[in-house]
Amino acid sequence: MSLSAALKGVPYPYRENSLNLFRLVLAATVLLAHSFYTTGNGDGPHLRGENLGGWAVAGFFVISGFLITRSRLRSKAGDYLLHRATRIFPAFIVCLIVTAVLFGPLAMLIQYGSLQGYATTAVTPVEFVWSNITLYMNEYSIGRTLSELPYPAVWNGSLWTLYYEFLCYVLVWCLGALAWFRRSAVLSLIIFVVATAAHASGSLLTALGLDGSFVLFAKLAPFFLGGACVYFVIERLGVNQWLGVSSLAIAAAQILAIPHWGGQASAPFLAYGLLWLATIIPQPRWVGTNDVSYGFYIYAWPVQQLLVLIGLGAGDGALGFVVYNLVAILVTFSLAWLSWTLIERPAMNRIRRRPAAPERVSGSGTSL
């Protein structure tokens, strides 16, 4: 029996999995990790120098790498970019505007009892929206708001990752034009290894004059590319429970045994393990049809900051910390639901009405 035959599993159930639930849990984990910072309760639990929020973001990226690679190989280049931009930008821009015209004035009234100077004090609300509109976060503050909090003057400490995720989308868009990438996992594996090596040699990147933005991209891209590699494996071999269990064990061993870059090296195994888990752990039907994880992710931080501003969570002991997180989850979920039903789903439905034929490339079948 060949190795491929021995590893053969069942086809991946793209319509019957729990990835929406997994992403929502990951977004909630980011909220919980950030709650230590926003309430002034230290840095929270860490593993290999990274907090729980950082590991949750890694989970987002490996799942995204798998799904986005599939999207690229099943779509025309233009349709792919349109879908990716529509999924990210409308809700993101609305979040910036809501922060500037609703959350900011509310914070100003709570702090100072007046809106005097709000529209004209740097960073102005208009400047906050305009300077961040490309996904790259240039400004985190608005005027004098949030100036006295444990994590002062930062309206959204989560949005910075979206720029790097979209860079990964663009990378896969470019790779998708290459027949080699479309036919085989080899190119994605090579680029994954290069990206992981780049992260492992972070000090060299800095010495070569590359800035902190590139260093962050080198940190996150391996997770995305690990998911991309696994797409080719699962398309050819399906998903196998023994490989799923083994992948999670290997990923854990690498993370624990290799300082600094063990997480990045584990990305393909982490991706396979999470994707397998999503086939055996059920999710509520309403979660499967309503992907609120993105809205949850982008609204969690400003909700947490506003709750601290009104006196919830800071210095209230363990019980107060738990109550703070529960309230933050409920309020954030409500905003995420509004974002999904009013912005995200309508935007996606509008472009899905456009007829789109798959992009065909000779010999585009996948192989290892």
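Bear in mind the structure is a predicted one, so any value in this text is a computation, not a measurement.

Outline the overall build of the protein chain, listing residues and values.
Check the secondary structure of the protein chain and you find 16 helices and 2 strands. The globule rule puts the C-alpha radius of gyration for 368 residues at 21 Å, and the 21 Å found for the protein chain is close to it. Dimensions along the principal axes, computed over C-alpha positions, put the protein chain at roughly 75 × 50 × 50 Å. Here the protein chain holds 368 residues, and the buried ones make up 49% of them. In the protein chain, once contacts between residues fewer than 6 apart in sequence are set aside, the share between residues at least 24 apart is 78%. Here the protein chain displays about 16,700 Å² of accessible surface, and carbon together with sulfur accounts for 66% of that area.

Let's hear about the environment of Phe103: which residues, and what values?
Looking at the element boundaries, Phe103 is found in helix α4 (residues 77–112). Counting along the chain gives 199 residues from Phe103 to Pro302, while the straight-line C-alpha distance between them is 7.6 Å. When neighbours within four sequence positions are excluded, Phe103 is seen to be in contact with Val98, Trp155, Tyr299, Pro302, Leu306 and Leu335.

Summarise the pattern of salt bridges; cite the residues concerned and give the values.
Within the structure shown, the criterion is met by 4 salt bridges. For Asp291, the salt bridge goes to Arg23, with nearest N and O atoms at 3.3 Å. Within this pair, whereas Asp291 is found in the loop between α14 (285–289) and α15 (293–309), its partner Arg23 is found in helix α2 (residues 19–38), the two being separated by 268 residues in sequence. For the pair Asp291 and Arg23, one class covers both residues: buried. One salt bridge connects Arg87 with Glu344, and the closest N-O pair in it is separated by 2.8 Å.

Tell me about the layout of surface pockets, and please be specific about residues and values.
Empty space within the largest pocket amounts to approximately 1,900 Å³. Taken together, the elements giving at least two residues each to the lining of the largest pocket come down to α2, α3 (52–73), α4, α6 (160–175), α14, α15 and α16 (317–352). When residues in the lining of the largest pocket are grouped by element, the largest group, 8 residues, is from α3. When the residues that make up the lining of the largest pocket are grouped by side-chain class, the tally is 21 nonpolar, 13 polar and 14 charged.

Describe unusual backbone geometry, listing the residues and the values that go with them.
In this chain, Ala122 is followed by Val123 through a cis amide linkage whose omega measures -5 degrees. Tracing the backbone through its elements, the reader meets Val123 in the loop between α4 and α5 (125–132). Notably, Ala153 is not glycine yet its phi reads approximately 65 degrees, a positive angle. Its place among the elements puts Ala153 in the loop between α5 and α6. Take Ala153: its relative accessible area is 26%, and that puts it in the partly exposed class. Of note in this structure, His260 is not a glycine but carries a positive phi near 75 degrees. Within the secondary structure, His260 sits in the loop between α11 (241–257) and α12 (262–265).

I'd like to hear about the packing of aromatic side chains, residue by residue, with values.
As enumerated under the stated definition, the model contains 19 aromatic pairs in all. Plain terms: the ring middles of Tyr37 and Tyr151 are 6.4 Å apart, the flat faces sit at 80 degrees to each other, and that makes the pair edge-to-face. Of the two residues, Tyr37 sits in helix α2 while Tyr151 sits in the loop between α5 and α6, which places them 114 residues apart along the sequence. With centroids separated by 5.9 Å and ring planes inclined at 70 degrees, the aromatic side chains of Trp160 and Tyr164 adopt a geometry described as edge-to-face. A residue pair is termed a helical-turn pair when its members lie 3 or 4 positions apart in one helix, as Trp160 and Tyr164 do in helix α6 at 4 residues. Looking at Trp160, the relative accessible area reads 27%, which means it is partly exposed.

Describe the side chain of Asn51, listing the residues and the values that go with them.
By the secondary structure assignment, Asn51 is in strand β2 (residues 50–51). Under the relative-accessibility criterion, Asn51 is labelled buried at 11%. There is a polar contact of 3.0 Å between the side chain of Asn51 and the side chain of Tyr37.

Explain the packing of α4 against α16 to me, and be specific about the residues and the numbers.
At a minimum axis separation of 10 Å, α4 and α16 run at an interaxial angle of 145 degrees. Pair α4 / α16 crosses with right-handed handedness. Of the residues in α16, those touching α4 at Leu82, His83, Thr86, Arg87, Pro90, Ala91, Val94 and Phe103 are Leu335, Ser339, Trp340, Ile343, Glu344, Ala347, Met348, Ile351 and Arg352. Here the contact of α4 with α16 is composed, by residue class, of 11 nonpolar, 3 polar and 3 charged.

About the criteria used
Residues numbered from 1 in each chain as written. Predicted model: local features only at pLDDT ≥ 70, side-chain atom pairs only at ≥ 80, totals over all residues. Heavy atoms only, no water. Helix = DSSP H or I, 4+ residues; strand = E, 2+ residues; numbered from the N terminus. Rg over C-alpha atoms; globule rule 2.2 N^0.38 Å. Buried < 20%, exposed > 50% of the residue type's maximum accessible area, 1.4 Å probe, protein only. Contact = heavy atoms within 4.5 Å. Areas by Shrake-Rupley, 256 points an atom, 1.4 Å probe, with all protein chains shown as cover. Salt bridge = Lys/Arg side-chain N within 4 Å of Asp/Glu carboxyl O. 1 Å grid on protein atoms, 1.4 Å probe; cavity = no way out; pocket = protein on both sides within 12 Å on 5 of 7 lines; lining within 4 Å. Points joined across faces, edges and corners; volume = space filled by probe spheres on them. Nonpolar A, V, L, I, M, F, W, Y, C, P; charged D, E, K, R; others polar. Phe/Tyr/Trp six-rings, centres within 6.5 Å; stacked < 30°, edge-to-face > 60°. Polar contact = N/O pair within 3.5 Å; in protein donor to acceptor, adjacent residues only side chain to side chain. Axes fitted to C-alpha atoms, helices over the stretch in contact; angles between N-to-C directions. Left-handed = near helix turned anticlockwise from the far one by under 90°.

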